[in-house]
Amino acid sequence: MGEALSLADIMETNPIDQVGEQWLAAAATLLYQQGDTEAAIAATDVLAVDLTLWNSNEYEPDEYMVYFTVEPNLVAQFTEAVLSRIEGGMHAVVPRRASMRIDSIEVSPVVPVPSADWRKQLRTANGPMPTNQARRVRLEPENQHPTEDDLHFTNEWEHRVYQVLKERQATLSDSETIGIMPLGRMRLLGSTREPDFLVTYRGRAGVIEMDGLHHGKPGRASSDSSRDSLMINAGLNGSAASMFAMCTRKLKSRSS
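Residues numbered from 1 in each chain as written. Predicted model: local features only at pLDDT ≥ 70, side-chain atom pairs only at ≥ 80, totals over all residues. Heavy atoms only, no water.

Some words on the overall build of the protein
Thinking step 1. When helices and strands are tallied, the protein shows eight helices and 10 strands.
Thinking step 2. Per-residue burial for the protein yields a buried fraction of 39% across its 256 residues.
Thinking step 3. For the protein, restricting intrachain contacts to residue pairs at least 6 apart in sequence, the fraction spanning at least 24 positions comes to 56%.
Thinking step 4. Within the structure as shown, the protein displays about 15100 Å² of accessible surface, and the carbon and sulfur contribution to it stands at 52%. (Helix = DSSP H or I, 4+ residues; strand = E, 2+ residues; numbered from the N terminus. Buried < 20%, exposed > 50% of the residue type's maximum accessible area, 1.4 Å probe, protein only. Contact = heavy atoms within 4.5 Å. Areas by Shrake-Rupley, 256 points an atom, 1.4 Å probe, with all protein chains shown as cover.)

Focus on the sheet that holds strand 2 (residues 62-70)
Thinking step 1. Strand order in the open sheet made by the three strands is 1-2-3, with mixed pairing throughout. Lying at the two open borders of the sheet, with one neighbouring strand each, are strand 1 (48-55) and strand 3 (100-109). In this sheet, neighbouring strand axes are inclined to one another by 25 degrees on average, regardless of whether the strands run parallel or antiparallel.
Thinking step 2. Pairing geometry for strand 1 and strand 2, over seven bridges, is antiparallel. Opposite leucine 51, over in strand 2, you have valine 66 as the bridge partner. (Pairing = 2+ DSSP bridges. Axes fitted to C-alpha atoms, helices over the stretch in contact; angles between N-to-C directions.)

Here we look at the confidence of the model for the protein
Thinking step 1. Per-residue pLDDT for the protein has a mean of 76; in total, 72% of the residues score no lower than 70.
Thinking step 2. Scored below 50 in pLDDT, residues 213-224 makes 15 contacts in the model with residues more than four places away or belonging to other chains. (pLDDT = per-residue confidence, 0-100.)

Let's talk about the sheet that holds strand 10 (residues 204-208)
Thinking step 1. Read across the open sheet, the three strands follow the order 6-9-10; overall the sheet is antiparallel. This sheet does not close on itself; its edge strands, each paired only once, are strand 6 (178-182) and strand 10. Across this sheet, the average inter-strand angle for adjacent strands is 20 degrees, counted without regard to direction.
Thinking step 2. Alignment of strand 9 (residues 197-201) against strand 10, held across five bridges, turns out to be antiparallel. Across the sheet, residue valine 199 finds its bridge partner in strand 10, namely glycine 206.

Comments concerning the packing of aromatic side chains
Thinking step 1. As enumerated under the stated definition, the model contains two aromatic pairs in all.
Thinking step 2. Judged by centre distance (6.4 Å) and plane angle (65 degrees), the rings of phenylalanine 68 and phenylalanine 78 are edge-to-face. Taken together, the positions of phenylalanine 68 in strand 2 and phenylalanine 78 in the loop between strand 2 and helix 4 (80-93) put the pair 10 residues apart, joining distant regions of the chain. A single burial state applies to phenylalanine 68 and to phenylalanine 78, both of which are buried.
Thinking step 3. Considering the side-chain rings of phenylalanine 153 and tyrosine 162, the 4.9 Å spacing of their centres and the 45 degrees angle between planes classify their relative orientation as tilted.
Thinking step 4. Between the NZ or CZ atom of arginine 160 and the centre of the ring of tryptophan 157, over which it lies, the distance is 4.7 Å. (Phe/Tyr/Trp six-rings, centres within 6.5 Å; stacked < 30°, edge-to-face > 60°. Lys NZ or Arg CZ within 6 Å of the ring centre and 35° of its normal.)

Some remarks on the nonpolar core
Thinking step 1. Trp23, Leu24, Leu51, Phe68, Phe78, Ile86 and Met90 are the most contacted members of the largest nonpolar core, which has 31 residues in total.
Thinking step 2. Within the residue set of this core, elements represented by two or more residues are helix 1 (7-13), helix 2 (20-33), helix 3 (37-44), strand 1, strand 2, helix 4 and strand 3.
Thinking step 3. Residues in contact with leucine 24, not counting those within four places in the same chain, are Ala43, Val46, Val49, Phe68, Ile86 and Met90.
Thinking step 4. Core analysis: the second largest hydrophobic core is formed by 11 residues, Phe153, Val161, Ile178 and Val199 among them. (Core = buried A, V, L, I, M, F, W, Y, C linked by side-chain atoms within 4.5 Å.)

A few points about the packing of helix 2 against helix 4
Thinking step 1. Between helix 2 and helix 4, whose axes approach to 8 Å, the crossing angle comes to 105 degrees. Considering their axes alone, helix 2 and helix 4 lie roughly perpendicular with respect to each other. Each of Trp23, Leu24, Ala26, Ala27, Leu30 and Leu31 in helix 2 lies in contact with helix 4, whose residues at this interface are Arg85, Ile86, Gly89, Met90, Ala92 and Val93.
Thinking step 2. In terms of residue class, the contact of helix 2 with helix 4 is made up of 10 nonpolar, one polar and one charged. (Parallel < 35°, antiparallel > 145°, perpendicular 65-115°, else oblique. Nonpolar A, V, L, I, M, F, W, Y, C, P; charged D, E, K, R; others polar.)

A look at the environment of valine 94
Thinking step 1. Secondary-structure assignment places valine 94 in the loop between helix 4 and strand 3.
Thinking step 2. Along the backbone, valine 94 and alanine 26 are 68 residues apart, and their C-alpha atoms lie at a distance of 9.2 Å.
Thinking step 3. What valine 94 contacts, discounting residues up to four positions off in sequence, is Trp23 and Met100.

In structure tokens:
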């Protein structure tokens, strides 16, 4: 494997409007290292970073408008103070040879794609028995995501892992059993998270996270590391390594 490219190399070899993710990742990592956990973890909640050239002239650095896309329920956590610190972090990591600066940062919610029966889904999601399980997924038509045991899953991979965990649960005695919580929202320091699985066993709790497409994007490693650190600090095993290894072995044996 080759060495990771520096932010300077990335900005030099790619159009500026395509490096927002890497720019934010470098800034969030710096903020975290400087002890600003709130701003750093808020940055990990940004799903997309878009850059638009706002002002350009021969004698001054190019000015860019920065647009963050986040989950609707997380918009409020991006206060003026938090955005100011994130902007400061982004300015701090800009390579000296890159003549650019941020004019402002705007935060926008993800625009949902409603289904034909959106009225029924919204009434059900906010009915007499509200739930914090898979809140975003529940707004999608049920035929577009797996369900089992009155639980909702983002995709077939999560569903298959749940089935493997359930099989393991069935082999344990009443005094040695595990609890399985898929897509349950929880509050950590400065951020609300929805781990793919929270598994409990004899007074201990561990998290299993499925690697999705976004985990392969440049810059996501630092965000995932910051998230895992928060979970571990909150008393969770961020890797749940043995349970995940068991799930992986069983899934591979089924697909072979």
